[in-house]
Amino acid sequence: LPWADVSLAVLEVHVGSSLVFCVEGQQAVLPAWYTRVGFSLATPSRSESMCFFPVQILSYLGGKVKVEETDLKPRIGFLHSVPGHNISMFINATQEQDSGQYMCSVNMEDDTIRQGKDIGIINLTVLVPPAVPTCQLHGNAVVGANVTLMCSSKKGKPSPMYQWQREPPTLQVFFPPAQDRARGTLKLTNLTLEMSGVYVCRAENQAGSKNCSIVLEVHSTSTKAVIAAAVLGSLGALATIIFIAQKVVGYRRRKRDSQEEGANEIKEDAVAPKTPTWARRPASDTMSKTSTLSSIAGTRQPYGARAPSDTASILTTTGSYRGPPPRGGGRPPNLSPPAVNGTPRRRQDPAAAPVASLPPSSLARAGAVPVMVPAQSRAGSLV
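The numbering scheme is per chain: residues are counted from 1 as the chain's sequence reads. This being a predicted model, a pLDDT of at least 70 is required before a residue's local features are given, and a value of 80 or more before pairs of side-chain atoms are given or counted; all residues contribute to the totals for chains, interfaces and linings. Each side-chain value is derived from all of the structure's non-hydrogen atoms; neither hydrogens nor water enter the calculation.

Novice: Mind showing me how you'd approach the nonpolar core here?
Specialist: Soluble globular proteins tend to bury their nonpolar side chains together. Note on terminology: a nonpolar core comprises buried Ala, Val, Leu, Ile, Met, Phe, Trp, Tyr and Cys residues joined through side-chain atoms within 4.5 Å. Relative accessible area decides the class of each residue, using a 1.4 Å probe on protein chains only: under 20% of the type maximum gives buried, over 50% gives exposed, and in between gives partly exposed. Judged by nonpolar contacts, the single largest core of 24 residues is most densely connected at Ile91, Tyr102 and Leu124. Helix and strand assignments come from DSSP, with helices taken as H or I runs of at least 4 residues and strands as E runs of at least 2, each series counted from the N terminus. Looking at this core element by element, the count peaks at four residues for strand 10 (residues 100–108). Counting residues in each nonpolar core, the second largest holds 19 residues, with Cys135, Met195, Leu216 and Val218 among its members.

Novice: Even after reading the chapter, I still don't get the pattern of salt bridges, so can you show me in this structure?
Specialist: If charged atoms from side chains of opposite charge come close, those side chains can pair. A carboxyl oxygen of Asp or Glu within 4 Å of a side-chain nitrogen of Lys or Arg is what we treat as a salt bridge. By the definition in use, this model includes five salt bridges. For Glu204, the salt bridge goes to Arg181, with nearest N and O atoms at 3.2 Å. Taken as a pair, Glu204 in strand 19 (residues 197–205) and Arg181 in the loop between strand 17 (179–180) and strand 18 (185–188) lie far apart in primary sequence, 23 residues in all. Taking relative accessible area as the criterion, Glu204 reaches 25% and is therefore assigned partly exposed. The class for Arg181 is partly exposed, based on a relative accessible area of 31%. Glu204 is paired through a salt bridge with Arg202; the nearest N and O atoms lie 3.3 Å apart. Overall, the relative accessible area of 28% leaves Arg202 in the partly exposed class. Residues joined by salt bridges that share partners form a network here, namely Arg181, Arg202 and Glu204.

Novice: I would appreciate a short explanation of unusual backbone geometry in the present structure.
Specialist: Among all residues save glycine, negative phi is the norm, and among peptide bonds the norm is trans. Following Val82, the chain continues into Pro83 via a peptide bond in cis, with omega recorded as 5°. Structurally, the position occupied by Pro83 is in the loop between strand 8 (76–78) and strand 9 (89–91). That bond from Lys157 to Pro158 is cis: its omega, -5°, falls within 30 degrees of zero. With respect to the helices and strands, Pro158 occurs in the loop between strand 14 (147–152) and strand 15 (161–166). Not every positive phi belongs to a glycine, and Ala93 is a case in point at roughly 45°.

Novice: Help me out: how do you make sense of the packing of aromatic side chains in this one?
Specialist: A ring pair, where both rings are aromatic, is described by two values, the distance of the centres and the angle of the planes. To pair, rings of Phe, Tyr and Trp, with the six-membered ring standing in for Trp, must have centres within 6.5 Å; the planes then decide the type, stacked if under 30 degrees apart, edge-to-face if over 60, and tilted in the middle. Considering all chains together, one arrives at one aromatic pair under this definition. When the ring of Phe174 is compared with that of Tyr199, the centres are 6.1 Å apart and the planes differ by 25°; the resulting orientation is stacked. Placement of the pair is Phe174 in the loop between strand 16 (172–173) and strand 17 and Tyr199 in strand 19, with a sequence separation of 25 residues. By relative accessible area, Tyr199 is classed as buried at 1%.

Novice: I tried to follow the pairing of strand 15 on my own but got confused; where do I start?
Specialist: Consecutive residues of a regular strand have side chains that alternate between opposite faces of the sheet. We call two strands paired when DSSP finds no fewer than two bridges between them. Pairing analysis gives six bridges linking strand 15 to strand 19, with the strands arranged antiparallel. The residue of strand 19 that forms the bridge with Gln165 is Val200. Strand direction decides the pairing type here: strand 15 and strand 16, joined by two bridges, are antiparallel. When the sheet's bridge partners are listed, Gln165 is paired in strand 16 with Val173. Hairpin remark: strand 15 followed by strand 16, antiparallel, with five residues in the connecting loop.

Novice: Would you mind going over the sheet that holds strand 20 (residues 208–216) with me for this structure?
Specialist: Pairing between the strands of a sheet comes from backbone hydrogen bonds, and it takes one of two forms, parallel or antiparallel. Pairing is antiparallel across the open sheet formed by four strands, whose spatial order is 16-15-19-20. Strands at the two margins of the open sheet, each flanked by one partner only, are strand 16 and strand 20. Pairing geometry for strand 19 and strand 20, over nine bridges, is antiparallel. Paired with Ala203 across the bridge in strand 20 is Lys210.

Novice: It is not clear to me how the environment of Asn146 should be interpreted in this structure. Could you clarify?
Specialist: Turning to its location among the elements, Asn146 is positioned in the loop between strand 13 (134–138) and strand 14. In the structure, Asn146 is positioned 41 residues away from Lys187 in sequence and 7.4 Å away in space, judged by C-alpha atoms. Throughout, a residue-residue contact means that at least one pair of heavy atoms, one from each residue, lies within 4.5 Å. Look past the residues within four positions of Asn146 in its chain and what remains in contact with it is Leu188, Thr189 and Asn190. Among the polar contacts listed, one links the side chain of Asn146 to the backbone nitrogen of Asn190, at a separation of 2.8 Å. Here a polar contact means two N or O atoms within 3.5 Å. Within protein one must be a hydrogen donor candidate and the other an acceptor candidate, and residues neighboring in sequence count only if both atoms are side-chain atoms.

Novice: Help me understand the state of the cysteines in this model?
Specialist: Counting rule for disulfides: a pair of cysteine sulfur atoms within 2.5 Å. For the structure shown, the criterion picks out two disulfides. Disulfide pairing places Cys135 opposite Cys212 at an S-S distance of 1.8 Å. Its S-S torsion of approximately 75° makes the covalent link between Cys135 and Cys212 right-handed. Taken as a pair, Cys135 in strand 13 and Cys212 in strand 20 lie far apart in primary sequence, 77 residues in all. For Cys135, a relative accessible area of 15% corresponds to the buried category.

Below you can see the structure in the form of structure tokens.
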């Protein structure tokens, strides 16, 4: 503004409000202007207007508008054309970090400046609406129990307040102390089946509000407890079956092992079998006994004939021949024949009559078994 060379005016800067609120995303206007009180005999040759946050961000100097390199550069400017008395500034698409203190100063050459009157201060607060809150249930919703409904929003400036209510058909609004609006909690005590329903929480501040809801289902018994009991019962039954199976398998294994040990056990009190006396005699004596036994085995009986005695003749372990026991309890005579060349002779049984030889077919029908008898020499040795 051109003025005369002499000026007696007094310059002052004014602000429309020292506190400005704006919702995030909207435009904020910081109102400011300046006045010149008095009269002037001169025309002002130069004026300067500057805004700071907290560094210089916008200025008008030497007839030019200058925007400094800051995050606000693409979003700020003078609201009205300059030069002029209205030096209001705007901020588009405000963000939460734009909140703060803004200062505006005006300097005009040759004007008298009152101390502290050349600067206007405005505090900007960008309000942030609450984010969609989260509703949660803490506790076991069974008859007679107590539960707490919680509501919280992760975003909001200022911090949101919370309000719980029950939706129709049973509309119900809650108040302290059951409800804590600052913390967003609602305590429900001594639950009943009629308290089941939809509960809505509203988070709100000066910038707006958002809601969330939760369904409360009150049960007569604890479903979780029933499930836990069923699981524990199944595990107990399975453990019992495994225990019984292990016992049965162990019993069978021990029984089998004891049977095997009994079969393989060597009895300490068992008497070893005695070696026959004739087995310890010389080889010639053994050979004669063998031939004598063969001769006795070779004696034939006629088909259907019965031996004179029920007791067969036996060959003793000493090699002597002992005939049938006497009838009537008499003492048996010594029927041992004399030995020839150390070999006992076989005594003829007077009761055994010589039997004529039978054909092989008759013997086979009678069940006889053919036996080969080795020949014997006069000396008793086998040929």
